[in-house]
Every structure is written in C-alpha cells, then in structure tokens.
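Structural description and commentary
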Amino acid sequence: MEQKNAMNKPAARPAAAAAPKGESKGGGSSSFAVIAILVAFVVSVLIYIFILGDGSHFQGGSNENNPLSGDYFGVVYKGGPVVPVLMTMFLCVFIFSIERALTIGRAKGSKSIETFVRTIRQKLNVNDITGAIAACDQQKGSVANVVRAGLMKYQEMSRERNMEKDQKILAIQKEIEESTALELPMLEKNLVIISTLASVATLTGLIGTVLGMIKAFSALAQGGAPDAVGLANGISEALINTALGIGTSALAIVAYNFFTSKIDELTYSIDEAGFSIIQTYAAQHGETDHHVA
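What this report covers is the structure whose coordinates are included nearby. Given the structure is predicted, the values throughout are model-derived calculations rather than measurements.

This part takes up the packing of helix α5 (residues 113-125) against helix α10 (residues 228-284). Closest axis-to-axis distance for the α5/α10 pair is 10 Å, and the angle between their directions is 5°. By the criterion of interaxial angle, the relationship of α5 to α10 is roughly parallel. Of the residues in α10, those touching α5 at Ile-113, Val-117, Arg-121, Leu-124 and Asn-125 are Leu-266, Ser-269, Glu-272, Ser-276, Ile-277, Thr-280 and Gln-284. Considering only residue class, the contact of α5 with α10 consists of 5 nonpolar, 5 polar and 2 charged.

Structure (structure tokens):
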C-alpha cells in the first residue's frame, strides 16, 4: 500500500527549492526588465516628439494647430502627454511577449514535446534508461532537463542496495520535483509584468480620457460662444487615450493567457514523463531491492 501511495502521489512544486540556485538568473532577468522598460519609454517619447509631433502632420506646419485631415499621426499626437506612457506600455507588452516566446520555445527543446515524451515512454517500457538519457541530451530544453535528472536518479537508485523500494521511489520523485522547481520559475519570469500591464494600461487610458474630457468641458464653459476647436481637441484626446489603453490591455491579456497555456502544456509533459519514470521503476524492481548486512 505504501508503494502505491508513493507512485500515485501528485508531484508538488516547492518553489523554495529553486531560490538558492536561481538568484543569479533572477538578477539577470530583473536587469533585462528594467532596461527594456527604460528603452521602451525613451523610444516612445522620441516617436511622440519627432514623428507624431512633426509639423508636416499639422495645418500651418506647427503641431500647435489642428492635424491635417486624415493624418492619424497628428491625431494621435493630440492625445496629449499620456500617449507616450501608453506607447511605452504597448512596446513593453511587445518586447516581453517576444522574450517569453523565445524562452518557452527553448524550453520545449529541438523536437515536438509530444514526440519527446512518447520516445521516453517507449525507452522506459523496454528498460532502456541509457537510451532515454540520450534522447534527453538530443532534445534539450527545460522538459528534457527535468526528465534527465529523474532518469539519472533512476540509475543511481538501481545501483543502490541499502534502501527500501519505496524509499527509492520517493528519492526519484523528490529529484523530479526539485528539478521542476528549478525550471518553472524561468518559464514564468516576466509574465507578471504582462499581467500588470493588462490592468494598468486600461487605468492609464482612463486617466487620459478624464484629462481630455476636462479640456473639452473647459472649452464648453468659455464665456460667450464655446471654443469649438478646444472642445474637439479635448474629445479627441479622450478618445485616443481610451483606444490606446484598451488596445494595449487587450493585447497584454491575450499574450498572458497564451503563454500561461504553453507553460501548462510543458508542466503537464513533465508530470507525464515523471510519472512514467516512477511507474517504470516500481514495475521493473522487486519488493526488496536491498541486502541486509
């Protein structure tokens, strides 16, 4: 009964085990995030001032005038100072989405993850542990790293003669869990930035909307005839900021959900391969693998 419980126990993922070895990677990731955000902000400000605010997009050649008819660069420029902030958020979503796509792509390895897991199970069915390790070396990536660690522990436990079978199974399971805890944080890094931008972009867009409406009502409240130009500019600013905020938020939500689903697929593959390793060891070895001195 104890052996069955050891086999069927779901794999936990103790995040604490990843901390000691992941500090250097975490520092590098934090530096990348800070640099990416700063670069995105600088690029956004430059685009706002020198491209969107270029006089060729406005009547009379001055960005203080109304934009030319049908010139969307000038229209976006009239969105006001909130526009470069929203552009920064949009660029950050784009940058971190590319970074996550490359990282998760490397984590999958050189071949299809389904094909790799199927190969591992086939090797395990014929007790070809060396061949399974070789398949991991060819596949590479996070999934292969976890499976390889479990297989190496499998070999070690096969040579061990001073432990009970259930102790060996638990040792293999623990090795897989610790390797998973080291790999998963790398896959999930920077996703929190994307999820944060999904919320903050909408709120920032609403701030721009409020500022635009304040200008619009100020123009409407002028003594005598209302300032039609000021009213139009205020409403335009409000709508532009709303559109940019909602668009950036929608893109961030789609990116976050997409990468989360990909990480879940990798995690499931790791769990599937890990269970196969434990199940194979339990089936291939007798009730008592140890010798009493």
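Turning next to the nonpolar core. One finds Phe-116, Ile-120, Val-147, Leu-151, Ile-172 and Ile-277 to be the most contacted residues of the largest nonpolar core, which totals 51 residues. Elements that contribute at least two residues to this core include exactly α2 (19-52), α4 (82-108), α5, α6 (129-139), α7 (141-159), α8 (165-188), α9 (191-220) and α10. In terms of residues, this core owes the most to one element, α10, which gives 11 residues. If sequence neighbours within four positions are ignored, Ile-277 has contacts with Leu-124, Val-147, Gly-150, Leu-151, Tyr-154, Ile-172 and Ile-176. Residues Tyr-48, Leu-52, Tyr-77 and Ile-240 belong to the second largest nonpolar core, which totals 7 residues.

Turning next to the packing of α4 against α10. It is at 10 Å that the axes of α4 and α10 come closest, and there the two elements cross at 15°. Classified by the angle their axes make, α4 and α10 are roughly parallel. By crossing handedness, the relation of α4 to α10 is classed as left-handed. On α10, the residues that touch Val-82, Val-83, Leu-86, Met-89, Phe-90, Val-93, Ser-97, Arg-100, Ala-101, Ile-104, Ala-107 and Lys-108 of α4 are Ile-240, Asn-241, Leu-244, Gly-245, Thr-248, Leu-251, Ala-252, Ala-255, Phe-259, Lys-262, Ile-263 and Leu-266. Among the residues forming the contact of α4 with α10, the class breakdown is 17 nonpolar, 4 polar and 3 charged.

The description of an aromatic ring pair rests on the distance of the ring centres and on the angle between the ring planes. On inspection of all chains with the given rule, the structure shows 5 aromatic pairs. Measuring from ring centre to ring centre gives 5.9 Å for Phe-32 and Phe-96, while their planes differ by 85°; the resulting arrangement is edge-to-face. One end of the pair, Phe-32, is in helix α2; the other, Phe-96, is in helix α4, with 64 residues separating them in the sequence. The exposure class of Phe-96 is buried, given its relative accessible area of 0%. Between Tyr-154 and Tyr-281, the aromatic rings sit 5.1 Å apart at their centres with planes inclined by 85°, giving edge-to-face as the arrangement. Taken together, the residues Tyr-154 in helix α7 and Tyr-281 in helix α10 connect sequence positions 127 residues apart.

Now for a negative patch on the surface. Taken together, Glu-114, Glu-188, Asp-264 and Glu-265 make up a surface patch of like negative charges. Within the element layout of this structure, Glu-188 appears in helix α8. Of the residues examined, Glu-188 reaches a relative accessible area of 44% and is grouped as partly exposed.

Calculation rules
Residues numbered from 1 in each chain as written. Predicted model: local features only at pLDDT ≥ 70, side-chain atom pairs only at ≥ 80, totals over all residues. Heavy atoms only, no water. Axes fitted to C-alpha atoms, helices over the stretch in contact; angles between N-to-C directions. Helix = DSSP H or I, 4+ residues; strand = E, 2+ residues; numbered from the N terminus. Parallel < 35°, antiparallel > 145°, perpendicular 65-115°, else oblique. Contact = heavy atoms within 4.5 Å. Nonpolar A, V, L, I, M, F, W, Y, C, P; charged D, E, K, R; others polar. Core = buried A, V, L, I, M, F, W, Y, C linked by side-chain atoms within 4.5 Å. Buried < 20%, exposed > 50% of the residue type's maximum accessible area, 1.4 Å probe, protein only. Left-handed = near helix turned anticlockwise from the far one by under 90°. Phe/Tyr/Trp six-rings, centres within 6.5 Å; stacked < 30°, edge-to-face > 60°. Patch = residues over 30% accessible without salt bridge, like charges linked within 9 Å, V, L, I, M, F, W, Y side chains within 5 Å. Areas by Shrake-Rupley, 256 points an atom, 1.4 Å probe, with all protein chains shown as cover. Salt bridge = Lys/Arg side-chain N within 4 Å of Asp/Glu carboxyl O. Lys, Arg positive; Asp, Glu negative; His and termini not counted. Charge placed at Lys NZ, Arg CZ, Asp CG, Glu CD.

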